Amino acid sequence: MATAAHSVLPELDAGAFARWRSGGGRVVDLLGEARELGPVAGFRLGDRQVVLVTGASQVQQVLAKSPDTYVKRGHRLKPLLGEGLLCAAGEQWRRQRKLLQSQFTGRGIKVYEPQIRAAVAAVAERWRAAAAAGEVREIDADLRYFSLDVIWRSLTAHPLDPETHRRLVSAGDGFAAIPAFAPATGDTAIDFRETNEHVDRVAERAIALAGETDEQPGVVRVLLQAAAELPEYTERLVRDELMTVVVAGYETTATALSWLFLLLDAHPEQRDLALAAGPAGSDGRSAAIRALIDETLRLYPVAWLMPRYAAAPDTLDGIPIEAGTTVLLSPYLTHRDPELWPDPEEFRPQRFLDAERRPAPGAYLPFGLGPRACLGAQFAVREMAMLLEEVLPAFRAEVREAPAGAGYGLTVHPDGPVRAVLHATGE
Ligand code: HEM
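What counts and what doesn't
- Every chain's residues receive numbers from 1 upward, in the order its sequence appears when written.
- Thresholds applied to this predicted model are a pLDDT of at least 70 for local features of residues and 80 or more for the giving and counting of side-chain atom pairs; totals over whole chains, interfaces and linings are not thresholded and use all residues.
- Derived side-chain values reflect all non-hydrogen atoms in the structure, with water molecules and hydrogen atoms excluded from consideration.
- UniProt positions are given in the numbering used here, feature names are shortened, and annotations may be inferred rather than shown by experiment.
- For salt bridges, the criterion is a side-chain nitrogen of Lys or Arg within 4 Å of an Asp or Glu carboxyl oxygen.
- Helical segments are the DSSP runs of H or I of at least four residues, strand segments are the runs of E of at least two, and each set is numbered from the N terminus.
- Listed donor atoms are N, O and S within 2.8 Å of the metal (Na, K and Ca: 3.2 Å). As water is not included, a site may look incomplete.
- Neighbouring residues are identified by heavy atoms, a residue being near a molecule or strand if any of them is within 4 Å of it.
- Whenever two N or O atoms come within 3.5 Å, that pair is a polar contact, provided that in protein one can donate a hydrogen and the other can accept it, and provided that, for residues adjacent in sequence, both atoms are side-chain atoms.
- All domain edges in this entry derive from an automatic or database-based domain assignment.
- Residue contacts are defined here by distance: any two heavy atoms, one from each residue, within 4.5 Å place the two residues in contact.
- Buried area, as used here, totals the accessible surface that two parts lose on assembly, with accessibility defined by a 1.4 Å probe and the loss added over both.
- Residues are grouped as follows: nonpolar covers Ala, Val, Leu, Ile, Met, Phe, Trp, Tyr, Cys and Pro; charged covers Asp, Glu, Lys and Arg; every other residue, Gly included, is treated as polar.
- One requirement defines pairing of two strands: DSSP has to find at least two bridges between them.
- Here the axes come from fitting lines to C-alpha atoms, over the contacting stretch only for helices, and the angles between their N-to-C directions go from 0 to 180 degrees.

With an unreviewed UniProt entry as reference, the protein is termed Cytochrome P450, source organism Kitasatospora cineracea. On record in UniProt, under Cofactor (unreviewed entry), the comment for the protein is "heme".

As structure tokens, then:
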């Protein structure tokens, strides 16, 4: 909460950034150091002021209460996704969001459930064969395939084909080259031509395939209708929006699922507890599975760093914020704040089952908060839950090779393949 008396921004000393940089440290370590200074803390990048906001009420203020003060300006994905929803701003963003919102409400996503179910069945079939053969599988690759298949089927009513899969995996390598926070690492411009070529071809294919079905799937239909009626919906914008949905929803969901299987491997009792919470399809089982998802996203909120730009002066926690300041929010650091989350490093899904202890506003934000919160949050949770409802009772994934740690790029991700043997358990 803003107070009348102004305090001074606690800042990392001038040498901290230089020391961190020359030591080849990770961005998360620098930010972790800043977080120790308080809920609102700063450091300087050359002549640029950066303010890290991790306190719950201040996060709430930036994202939910004052979204017109703290705006998105540019986006790390803009060279690839152009004016798509993730990168758009101002009035244009508002119009675009309104158009797609109806497709992603609780009711809107019901339409996609048969497509999700088909993608779940394909994973279960692959895992059944792998379990029978005792094969070691890269389950992170299976989960990426699954989340792409879900989006592709939802957009086009067709299963993912090998050509599209190949193009999207290549494009994904282009996205992976994007640093967590470009100014911090000083990286030079990346050449996105090849990635954009893949993205263009995939968008063309999505539109062509969606046109083959009589009943065009929701998102594509809505976009093509807009293109026919509204001059601002150019061919390029339709492409940007379609690819935004694919890109924003693919790696994020797959990465969250990879973390979930790694956490369950380290805490096998949590799988047993979730299955014991009630029979298949019961409310108890659903709530327990939802808690596994929520707790995974608390420890590993895939979009772990969200930049904003102060378009006007403001006060945060009594600290004046000048217009032009870069403001960083980190769900990852907020979710691991011991003042907000007891024993924050522990994987304890039960904390989400206790209705009396709802997180404070601003303390939990794996999907962001406020008007720019994730468009696909309900879709992502539904997709993850439908997969888990099917595969958790049927298989236990025994991880044979786990990555050494986390990579902190555009997403926080396991920094290597997750190799596992699947044991058929057949509930
Ligand atoms: C576990 C999975 C996911 C996570 C953790 C996640 C996280 C996020 C976060 C944190 C934001 C806000 C970024 C910011 O405020 O700067 C966001 C925005 C967005 N997400 Fe997701 N997301 C996920 C899945 C999806 C899916 C499945 C879709 C689409 C089907 C999607 C589409 C979008 C879009 C379009 C935006 C931009 C919204 C806007 O600016 O109006 N996301 N996501």
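K.L.:
Break down the pattern of salt bridges for me, with residues and values.
P.N.:
Summed over the entire model, instances satisfying the criterion amount to 30 salt bridges. Ionic pairing is found between D200 and R239, a salt bridge with its closest N-O pair at 2.7 Å. One end of the pair, D200, is in helix 11 (residues 193-212); the other, R239, is in helix 13 (residues 235-266), and 39 residues separate them in sequence. Among the ionic contacts, a cluster of salt bridges with common partners joins K110, E113, R117 and R382.

K.L.:
Describe the coordination of the iron atom of the ligand, naming the residues involved and giving the relevant values.
P.N.:
Of the protein atoms, C374 (SG) alone serves as a donor to the iron atom of the ligand, at 2.3 Å. For C374, the location among the structural elements is in the loop between helix 16 (331-335) and helix 17 (377-394).

K.L.:
Summarise the site of the ligand; cite the residues concerned and give the values.
P.N.:
Inspection of the region around the ligand gives 26 residues, with W93, R97, R308, R372 and C374 positioned closest. R97 places a polar side-chain atom, nitrogen or oxygen, 2.8 Å from an oxygen atom of the ligand. Between the ligand and R372, the relevant distance is 2.9 Å, taken from an oxygen atom to a side-chain nitrogen or oxygen of the residue. Going through the elements one at a time, helix 5 (90-101), helix 13, strand 5 (306-310) and helix 17 are the ones with two or more residues in the shell around the ligand. It is helix 13 that provides the largest number of residues to the shell around the ligand, a total of six residues.

K.L.:
An account of the domain arrangement of the protein is needed here, citing residue identities and associated values.
P.N.:
Looking at the assigned domains, one finds that the protein contains domain 1 (1-67 + 304-365) and domain 2 (82-303 + 371-424). Taking the mean C-alpha position of each, domain 1 and domain 2 sit 27 Å from one another. Between domain 1 and domain 2, the residue contacts involve 33 residues of the former and 33 residues of the latter. For the pairing of domain 1 and domain 2, the buried interface totals around 2600 Å² over both sides, and the portion due to carbon and sulfur atoms is 65%. Of all residues in domain 1, W304, Y332 and F347 give up the largest surface area on contact with domain 2, accounting jointly for 30% of the area buried on that side. Our count for the domain 1 to domain 2 interface comes out at one salt bridge. A salt bridge links R351 to E295; the nearest nitrogen and oxygen atoms lie 3.1 Å apart. Linking domain 1 to domain 2 there are 14 residue pairs in polar contact (both at pLDDT 80 or more). Where the side of domain 1 that touches domain 2 is concerned, the elements lending two or more residues are helix 1 (14-22), helix 2 (27-35), strand 2 (48-53), strand 5, strand 8 (326-329) and helix 16. Considered class by class, the residues forming the side of domain 1 that touches domain 2 number 21 nonpolar, three polar and nine charged.

K.L.:
Describe the sheet that holds strand 8, and please don't skip the residues or the numbers.
P.N.:
Ordered by their spatial adjacency, five strands build an open sheet running 1-2-8-5-3, and the pairing between neighbours is mixed. In the strand order of this sheet, the two ends are held by strand 1 (40-45) and strand 3 (70-71), each with one partner. Relative to the sheet, helix 2 contacts strand 1, strand 2 and strand 8, its axis offset from that of strand 1 by approximately 130 degrees.

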